[in-house]
Amino acid sequence: MIKEHRRITIMNCKRCHHVAQIHESAMNSSSLMKLGRCAIPGCTCRQYVDSIEKLDEELL
Ligand SMILES: [Zn+2]
Ligand SMILES: [Zn+2]
């Protein structure tokens, strides 16, 4: 029997702690997920904040 191991990464916004998926996509976002404001009613989060640390990819 083969058991399927599917890794589902659920990341929450570091600012408002809502899931990343509920944040609206924004191409100008500075987050790795390219996500902008949170769609949860009443939530004041305007920019998704990655819960993982940013990788230093810009190092020469
Ligand atoms: Zn939120
Ligand atoms: Zn948020």
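Position labels on residues start from 1 in each chain and follow its written sequence. Just so you know, chain letters begin at A and ligand numbers begin at 1, following the order they were written in. For a predicted model such as this one, the threshold for reporting local features is a pLDDT of at least 70, and the threshold for listing and counting side-chain atom pairs is 80 or more; totals across whole chains, interfaces and linings nevertheless cover every residue.

### Side note on the overall build of the chain
So, point 1. Every helix listed is a DSSP run of H or I at least four residues long, and every strand listed is a run of E at least two residues long, numbered separately from the N terminus. The secondary structure content of the chain amounts to 0 helices and 2 strands.
So, point 2. Once C-beta atoms are placed from the backbone, each residue is buried if 20 or more other C-beta atoms lie within 10 Å of its own, exposed if 12 or fewer, and partly exposed for counts between those two. Relative to its full complement of 60 residues, the chain shows a buried share of 10%.
So, point 3. Contacts spanning at least 24 positions in sequence make up 24% of the contacts within the chain whose residues lie at least 6 apart. With C-beta atoms placed from the backbone, a contact is any residue pair whose C-beta atoms sit within 7 Å.

### Points about the nonpolar core
So, point 1. Put simply, a nonpolar core is buried Ala, Val, Leu, Ile, Met, Phe, Trp, Tyr and Cys residues tied into one set by C-beta atoms within 7 Å. If you look at the biggest cluster of nonpolar residues, it comprises 5 residues: Cys-13, Leu-35, Cys-38, Cys-45 and Tyr-48.
So, point 2. Residues in contact with Cys-13, not counting those within four places in the same chain, are His-18, Ala-20, His-23, Cys-38, Cys-45, Tyr-48 and Val-49.

### Observations concerning the environment of Cys-38
So, point 1. Mapped onto the fold, Cys-38 is located in strand 2 (residues 35–38).
So, point 2. Separated by 18 residues in the primary sequence, Cys-38 and Ala-20 have C-alpha atoms spaced 8.4 Å apart.
So, point 3. Beyond its immediate stretch of four places on either side in the chain, Cys-38 contacts Cys-13, Cys-16, His-18, Ile-22, His-23, Cys-43 and Cys-45.

### Let's talk about unusual backbone geometry
So, point 1. Here the phi dihedral of His-17 falls at roughly 65°; this positive angle occurs in a residue that is not glycine.
So, point 2. Relative to the helices and strands, His-17 resides in the segment before strand 1 (23–25).
So, point 3. With a phi angle near 55°, Lys-34 is a residue other than glycine that sits in the positive phi range.
So, point 4. Turning to its location among the elements, Lys-34 is positioned in the loop between strand 1 and strand 2.

Functional significance is not addressed by these values, which are geometric in nature.
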